[in-house]
Amino acid sequence: MLQRNSSETVRGLSRLVGWLLIAAVMVFTLAPIGIRPVTAAPADLERFVAFVLIGGAFYIGYPRHHIGFVLLVIGIAGLLEVLQNIVPGRHGHWHDYFVKATGVLIGTLLARLAEWAFIRR
């Protein structure tokens, strides 16, 4: 019983993290460039890491819908790139989309590997 409650808690937390990250990415992608958080990391690395985390969170949070959520998040990434073209001062790029989509796939793969290692243990 403890195992089930613990895995439900992890799934619920992963879902929350995934959706909060999607919301943050949407805000920072479509808001004026001046309010975008700035780090010392290259923008491609920031995009990649954000989508690795989102892919991993949704993989863990929705264990029965892996493919659907991978496709959903990749679709959201594409939609955000298109929508940037209507925001003054912002520009969507295929390169950015590719970085984000690759991040989702790598995040999903890493979560799958972690799951496999945990179950095997």
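The rules behind these values
Residues numbered from 1 in each chain as written. Predicted model: local features only at pLDDT ≥ 70, side-chain atom pairs only at ≥ 80, totals over all residues. Heavy atoms only, no water. Core = buried A, V, L, I, M, F, W, Y, C linked by side-chain atoms within 4.5 Å. Buried < 20%, exposed > 50% of the residue type's maximum accessible area, 1.4 Å probe, protein only. Helix = DSSP H or I, 4+ residues; strand = E, 2+ residues; numbered from the N terminus. Contact = heavy atoms within 4.5 Å. Phe/Tyr/Trp six-rings, centres within 6.5 Å; stacked < 30°, edge-to-face > 60°.

K.L.:
Looking at this structure, I do not really get the nonpolar core. What am I missing?
P.N.:
Nonpolar side chains tend toward joint burial in soluble globular proteins. Judged by nonpolar contacts, the single largest core of 16 residues is most densely connected at Ile22, Val25, Phe51, Ile54, Phe58, Val73 and Val104. Elements supplying a minimum of two residues to this core: α1 (2-30), α2 (43-61), α3 (66-84) and α4 (94-120). With residues near it in sequence (within four places) discarded, isoleucine 54 still touches Gly18, Leu21, Ile22, Val25 and Val73.

K.L.:
Can you walk me through the packing of aromatic side chains in this structure?
P.N.:
The geometry of an aromatic ring pair comes down to the distance between the two centres and the angle between the two planes. Per the stated rule, a full pass over the model turns up six aromatic pairs. Between tryptophan 19 and phenylalanine 58 the ring centres are 4.9 Å apart and the planes differ by 65°, which places this aromatic pair in the edge-to-face class. Here phenylalanine 58 lies in helix α2 and tryptophan 19 lies in helix α1, a separation of 39 residues in the sequence. When its relative accessible area of 36% is taken as the criterion, tryptophan 19 is described as partly exposed. Arranged with centres 4.0 Å apart and planes meeting at 15°, the rings of tyrosine 62 and phenylalanine 69 form a pair that is stacked. Taken together, the aromatic side chains of Trp19, Phe58, Tyr62 and Phe69 make up a single cluster linked through ring pairs.

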